Amino acid sequence: MTRHIPADVDVAIVGSGPTGAAYARILSEECPTARIALFEVGPLISDPPGTHVKNIANADERARAQRLSEGPSPLGDDTSTNTMDGYADAAPRLVRPGTFLLRDGYQQPGEDGLPGAAMSANVGGMGAHWTGACPRPGDSERISYLNNLDDLLAEAERLLAVDAHAFDDAPFASEVRKRLADALDNGRDPTRRVASMPLAVVRHDDGRVTWSGSDVVFGDVTRANPNFTLVSDALVTRVLHANGRAAGLLIKDMADGTELTVSARQVVVAGDSLRTPQLLWASNIRPAALGRYLNDQPQTVYAVRLRDVDSEADNPDVDGDTAIVAHSGVNWVPFTDDEPFHGQVMQLDASPVPLADDDIPTPGTIVGLGWFCAKDVQASDRVEFSDTDVDDYGMPAMSIHYRLTDNDHASIAAARAAVVRVGAALGEALDPEPLTFGPGASLHYQGTVRMGETNDGTSVCSPTSEVWDIDGLYVAGNGVIPTPTACNPTLTAVALAVAGARDIATHILVERN
Ligand code: FAD
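Predicted model, so just to flag it, every value in this text is computed and none were measured.

**Student:** I would appreciate a short explanation of the UniProt feature "domain: Glucose-methanol-choline oxidoreductase N-terminal" (unreviewed entry) in the protein chain in the present structure.
**Tutor:** Mapped onto this numbering, the UniProt entry annotates "domain: Glucose-methanol-choline oxidoreductase N-terminal" (unreviewed entry) at residues 221-298. With 18% helix and 42% strand, the stretch residues 221-298 has end C-alpha atoms that lie 38 Å from each other.

**Student:** In this structure, what is going on with the UniProt feature "domain: Glucose-methanol-choline oxidoreductase C-terminal" (unreviewed entry) in the protein chain? I would like to understand it.
**Tutor:** When the UniProt feature table is mapped onto this chain numbering, "domain: Glucose-methanol-choline oxidoreductase C-terminal" (unreviewed entry) sits at residues 383-497. Along residues 383-497 one finds 25% helix and 19% strand; the C-alpha atoms at either end are 22 Å apart.

**Student:** What's the story with the site of the ligand in this structure? I'm lost.
**Tutor:** Around the ligand sit 37 residues in total, of which T19, E40, M126, N478 and T490 are the nearest. Contact between the ligand and R275: an oxygen atom at 3.4 Å from a side-chain N or O atom of the residue. With respect to the ligand, the backbone of P489 contributes an N or O atom lying 3.5 Å from an oxygen atom. When the free accessible area of the ligand is taken as 1,000 Å², the share hidden by the protein chains comes to 97%.

**Student:** Whenever I open this one, the pairing of strand β11 (residues 245-253) confuses me. Can you help?
**Tutor:** Look at any regular strand and the pattern is simple: side chains alternate between the two faces of the sheet. Direction of pairing for strand β10 (residues 234-242) relative to β11: antiparallel, over a ladder of 8 bridges. Among the inter-strand pairings, V239 is bridged to a residue of β11, identified as L249. Connecting β10 to the next strand, β11, in antiparallel fashion are 2 residues, including N243 with a positive phi near 50°. Two strands pair when backbone bridges link them, and β11 and strand β12 (residues 259-269) are joined in this way by 5 bridges, in the antiparallel orientation. Bridge pairing in β12 links L249 to V262. In sequence, β11 turns back onto β12 through a hairpin of 5 residues, with G257 there showing a positive phi of about 80°.

**Student:** Explain unusual backbone geometry here, please?
**Tutor:** Trans peptide bonds make up most of the peptide bonds, and negative phi angles are found at most residues other than glycine. A cis geometry characterises the amide bond from D47 onward to P48, with omega recorded as 0°. With respect to the element layout, P48 can be found in the loop between β2 (36-39) and α2 (59-68). Positive phi values are uncommon outside glycine, yet N243 reaches one of about 50°. Summarising the element assignment, N243 is placed in the loop between β10 and β11. Relative accessible area serves as the criterion here: at 84%, N243 is assigned to the exposed category. Backbone geometry at Y293 places phi at a positive 60°, although glycine is not the residue there.

**Student:** Would you explain the pattern of salt bridges in this entry?
**Tutor:** If charged atoms from side chains of opposite charge come close, those side chains can pair. One pass over the full model with this rule turns up 29 salt bridges. E29 is the salt-bridge partner of R158, the closest N and O atoms lying 2.8 Å from each other. Of this pair, R158 sits in helix α3 (residues 149-160) while E29 sits in helix α1 (residues 18-30); the two residues are 129 residues apart in sequence, bridging distant segments of the chain. Two residues, R416 and E433, come together in a salt bridge whose shortest N-O distance is 3.3 Å. Pair noted here: R416 is in helix α8 (residues 406-426) and E433 is in the loop between β19 (427-429) and β20 (435-436), with a separation of 17 residues, a long-range link. Taken together, the salt bridges that share partners define one network made up of D8, D10, R35 and R512.

**Student:** How should I be thinking about the sheet that holds strand β5 (residues 162-163) in this particular structure?
**Tutor:** What holds strands together in a sheet is hydrogen bonding between their backbones, with the strands either parallel or antiparallel. As summarised here, the arrangement of the 3 strands in space is β5-β7-β8, forming an open sheet in which the pairing is antiparallel. In this open sheet, the two strands that pair with only one neighbour each are β5 and β8 (209-211).

**Student:** Which parts of the structure should I look at to understand the packing of aromatic side chains?
**Tutor:** As enumerated under the stated definition, the model contains 3 aromatic pairs in all. Judged by centre distance (5.8 Å) and plane angle (50°), the rings of F218 and F228 are tilted. Of this pair, F218 sits in helix α5 (residues 214-223) while F228 is found in strand β9 (residues 228-231), placing the two residues 10 residues apart along the sequence. What makes F228 buried here is its relative accessible area of 15%. Their ring planes at 40° and their centres at 6.1 Å tell us that W281 and F385 sit as a pair that is tilted. With W281 in helix α6 (residues 272-282) and F385 in strand β17 (residues 382-390), this residue pair connects regions lying 104 residues apart in the sequence. Note on accessibility: W281 and F385 belong to one class, buried. One residue, K54, lies across the ring of W211, its end atom 3.6 Å from the ring centre. If you follow K375 out to its NZ or CZ, it ends over the ring of Y402, 5.2 Å from the centre.

**Student:** I would appreciate a short explanation of the packing of helix α4 (residues 173-184) against α8 in the present structure.
**Tutor:** Helix-helix packing: each pair is described by the crossing angle between the helix axes and the interaxial distance. One way to put it is that α4 packs onto α8 with a least axis distance of 9 Å and a crossing angle of 130°. With respect to their mutual orientation, α4 and α8 come out oblique. When the axes of α4 and α8 are compared, the crossing they make is right-handed. Residues V176, R179, L180, A183 and L184 of α4 form the contact with α8, whose own contacting residues are V422, A425 and L426. Tallied by class, the residues present in the contact of α4 with α8 amount to 7 nonpolar, no polar and 1 charged.

Cut-offs applied
Residues numbered from 1 in each chain as written. Predicted model: local features only at pLDDT ≥ 70, side-chain atom pairs only at ≥ 80, totals over all residues. Heavy atoms only, no water. UniProt positions renumbered as here; feature names shortened; annotations may be inferred. Helix = DSSP H or I, 4+ residues; strand = E, 2+ residues; numbered from the N terminus. Near = heavy atom within 4 Å. Polar contact = N/O pair within 3.5 Å; in protein donor to acceptor, adjacent residues only side chain to side chain. Areas by Shrake-Rupley, 256 points an atom, 1.4 Å probe, with all protein chains shown as cover. Pairing = 2+ DSSP bridges. Buried < 20%, exposed > 50% of the residue type's maximum accessible area, 1.4 Å probe, protein only. Salt bridge = Lys/Arg side-chain N within 4 Å of Asp/Glu carboxyl O. Phe/Tyr/Trp six-rings, centres within 6.5 Å; stacked < 30°, edge-to-face > 60°. Lys NZ or Arg CZ within 6 Å of the ring centre and 35° of its normal. Axes fitted to C-alpha atoms, helices over the stretch in contact; angles between N-to-C directions. Parallel < 35°, antiparallel > 145°, perpendicular 65-115°, else oblique. Left-handed = near helix turned anticlockwise from the far one by under 90°. Contact = heavy atoms within 4.5 Å. Nonpolar A, V, L, I, M, F, W, Y, C, P; charged D, E, K, R; others polar.

See below:
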């Protein structure tokens, strides 16, 4: 980390979340002589840069890191430190620690809008605050024209340090998995059966847990790369381009407001699904699909208490040697075209709804079910940008246009019925009805800079994430994902970033030879 800002690099990256970090990592591995600079508008909040806040042991320091991530005008004075607070909060404008909501423009009259739309601004992006669930997409969630998708997903799992069995020994986890499998596995392809949730987490021999953030994606190879520079507190206000080719960045130093330009042969914009199209718009790069095909994953939650568990027989932790932590025991119900929901089944360390004072549940016996749907993708769902009004950063103000279709309402109703059915297979419901969050609460916004097989006006970038008609400009993040998905998107977005970074490495090596 340094305040030194290079004036001329081979590759300039905007945004330090997992996808921006993936570009830095792959380029450091495959093209170590390339000069790379990464610019992040938010501050450095942890060490090494990009570390997940849950790895900060001191609660006050963790809360401080979360507050510092909440953008230019933090909303509210919530000082809670648990990133899953609000899991069962019915507020339509649920805000998670470490994130900030779109202040206005999130809903137009007569539309559903995205009241939950949120962002993070810090080194590490939302990847410093996320839950780390990394399921692979299946069936229609997959991008059919990417023949090497499984290779890319495997590479993304390496970068994020994904472990599919980190909490297999958590109290009652295998019992939960067995009940889910009995209820759901019949007729499923073996690769899409109930399983432990792959998580971006390292479980150490002594029981400690380290959550993957961008620090893990950067890895030692990026940190040791003398040709890599990470610049925090630096807002990128324009992508410079000329004659259909990326040329560099215009940057505003958030410390003193000074502006400077950085020349670059290749530019990567990895600023999340709202700010990546915003920066392209501000740079007068406005393909027809920019900001369109916006889709979020409608999310329904429900909580049950496991029935008929014998704490002595079923709990491997009867002596309390392995304390249950938030997210211990996370099981996965994969999306399939026949059962088009992504299920995340998390054993909780506390009940999300109040229980009687003398009712202290055995750890692991309260289970939260989260069912995500894929949304109908339509061009009219979009983020628009103003040519006159600006946001708190002075960037073009956003307006979200977003409607749930009849199909969406039907799939949400089906997800609600499914989660109740699955909950009944596990135990007794804590609430009579599941809770469906308002649009945007999943934090999984996609499509705004979507990938396409051809440049037919319905996509922004090619299968290697290079923006159509602007050579050397790449986009990254969940906004690149072109398919409607229900599963958590970060693994897929990092996989697509791997393909883009490999493409840049090839270009640089060809140009040099
Ligand atoms: P981000 O992580 O959002 O990073 C983008 C960065 O770019 C930000 O730091 C931003 O400040 C910076 N930036 C933007 N514009 C500019 C600019 N103009 N100049 C300079 N910098 C800029 N996903 C999952 O897959 N699984 C989960 O279990 C999961 N759980 C989550 C739980 C929580 C509580 C939260 C908050 C998120 C969760 N997510 C989860 C979502 C996940 O964090 C995101 O999908 C992921 O971080 C996206 O990575 P990214 O690199 O595309 O963008």
